[in-house]
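Listed below are the residues making up each chain.
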Amino acid sequence: MTRVFNFSAGPATLPEEVLRQAADELLDWRGSGMSVMEMSHRGKEFISIAAAAEADLRELMAIPANYKVLFLQGGALAQNAIVPMNLLRGRTVADYIDSGDWSKKSIKEAQKYCTVNIAASGKATGFTAIPAQSEWRLSKDSAYVHICSNETIGGLEYQWTPETGDLPLVSDMSSHILSRPVDVSKFGLIYGGAQKNMGIAGLTVVIVREDLIGQALPTTPWVFDYKAQSEAESMYNTPSTYPIYMAGLVFQWLKKGGGLAAMEARNIAKAKLLYDCIDASGLYQNKVAKGDRSRMNVVFTLKDDKLDAPFLKAAEAAGMAQLKGHRSVGGMRASIYNAMPLAGVEALVALMRDFEKRHG
Ligand SMILES: *Cc1c(COP(=O)(O)O)cnc(C)c1O
């Protein structure tokens, strides 16, 4: 068996220990005589799996007791609609910060439900910087402020938490959740798809402050109503059982690894190695403002895009996959989530240096 270093933005690489454990338990989960995939979501075995996953996530993120954790489906993109459906609470305006491709998608969807005030935009910088809070122009009667705290395509990340006072702060954390400690109490709602940094596709995690629940638009489908789902422990309908189990294994792996502070230290070291290589080179370039660079999604271009194909070929030959940048921006993107070992980033940096010697 040969496993490659997989730099995919998502679905993304998983910790090998987690995959091995899932394989070991595939046919018979801990003496139950069945696979997790075959269990009733209402049976005691699966209920224990979901409860342990929630408890571990609460511990990892130090989620305060007045927040609900929901295990939903539909991905982060569904939340782009579900958030306004649930959080407008009789208001008609919401503030959005436009920091790139994923915030734009959130804005476009929210416009179906409310008036979106784009309180700040990275447009003037060509989306190479996160708009500073001093530039934000929030509206008076807004229901909430929405950010995307890690722009997976542009490779930008908030290295700070906005202060929005009484206005609930909502963040799409899909591509950096669990990569660093966050103060959950600063947010009204946090959401993210699991397939970047928490597990596999099919699960969306929503962490929402209790007082924001219960005023959904009357047209909200029951399965998208945070109140219905929270009262039913995320089992109003059949949840995505196997992805919840896999996320639970990842949470256990994170706890064994020392939790989020330890993970953050490793992520800082990995990102520094890669950005230092880019900055020291004449061949590779990253245009993102240094203070706003993502630790998770490192984007870079080569001086001449004719070198893209040979670069990707050399990477493949050296056991590295999925480095091609998003189709909308081109160039390269190395997604170095929690599960990417330091050795993967070291291999990439060695390849980049060698390639530059030959083509720089
Ligand atoms: C991947 C991603 C999405 C889309 O998630 P889906 O699970 O495909 O709906 C949304 N936002 C961000 C920041 C992402 O990285």
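Refer to the structure presented above.
Below is a short write-up of the structure. (Residues numbered from 1 in each chain as written. Predicted model: local features only at pLDDT ≥ 70, side-chain atom pairs only at ≥ 80, totals over all residues. Heavy atoms only, no water.)

Considerations on the site of the ligand
Then, in step 1: By nearness alone, every residue bordering the ligand is listed as Gly75, Ala76, Leu77, Trp102, Cys148, Asn150, Thr152, Asp172, Ser174, Ser175, Gln195 and Lys196.
Then, in step 2: Interatomic distance of 2.9 Å between a backbone N/O atom of Leu77 and an oxygen atom of the ligand.
Then, in step 3: Note that a nitrogen atom of the ligand is positioned 2.7 Å from one of the side-chain N or O atoms of Asp172.
Then, in step 4: Here the ligand, which alone exposes 390 Å², has 86% of that area covered by the protein. (Near = heavy atom within 4 Å. Polar contact = N/O pair within 3.5 Å; in protein donor to acceptor, adjacent residues only side chain to side chain. Areas by Shrake-Rupley, 256 points an atom, 1.4 Å probe, with all protein chains shown as cover.)

Quick word on the pairing of strand 14 (residues 332-335)
Then, in step 1: Side-chain alternation along strand 14 places Met332 and Ala334 on one buried face and Arg333 and Ser335 on a second face that is also buried.
Then, in step 2: Examined bridge by bridge, strand 12 (residues 297-302) and strand 14 share 4 bridges and lie antiparallel to one another. Counted as the bridge partner of Val298 is Ala334 from strand 14. (Buried < 20%, exposed > 50% of the residue type's maximum accessible area, 1.4 Å probe, protein only. Helix = DSSP H or I, 4+ residues; strand = E, 2+ residues; numbered from the N terminus. Pairing = 2+ DSSP bridges.)

Here we look at the side chain of Asp56
Then, in step 1: Note on placement: Asp56 falls in helix 2 (residues 44-61).
Then, in step 2: Its relative accessible area of 7% is what places Asp56 among the buried residues.
Then, in step 3: If we ignore the near neighbours within four places in the chain, the residues touching Asp56 are Phe251, Gln252 and Lys255. (Contact = heavy atoms within 4.5 Å.)

A word on the sheet that holds strand 11 (residues 284-285)
Then, in step 1: The strand order across the open sheet built from 3 strands is 11-12-14, with neighbouring strands paired in antiparallel fashion. The open sheet has two free edges, formed respectively by strand 11 and strand 14, since each of these has just one partner strand.
Then, in step 2: The strands that helix 7 (residues 259-279) touches are strand 11, strand 12 and strand 14; relative to strand 12, the one it contacts most, it runs at about 20°. (Axes fitted to C-alpha atoms, helices over the stretch in contact; angles between N-to-C directions.)

Observations concerning the pattern of salt bridges
Then, in step 1: One pass over the structure, following the stated rule, counts 20 salt bridges.
Then, in step 2: Of the charged contacts in the structure, one is a salt bridge between Lys186 and Asp183, with a shortest N-O distance of 3.7 Å.
Then, in step 3: Take Asp183: its relative accessible area is 37%, and that puts it in the partly exposed class.
Then, in step 4: Between Glu264 and Arg295 there is a salt bridge; the shortest N-O distance is 2.9 Å. On the criterion of sequence distance, the pair formed by Glu264 in helix 7 and Arg295 in the loop between strand 11 and strand 12 is long-range, its members being 31 residues apart. Here the two residues Glu264 and Arg295 agree in accessibility, since each one is buried.
Then, in step 5: Salt bridges linked by common partners bring Arg3, Glu16 and Arg20 together as one network. (Salt bridge = Lys/Arg side-chain N within 4 Å of Asp/Glu carboxyl O.)

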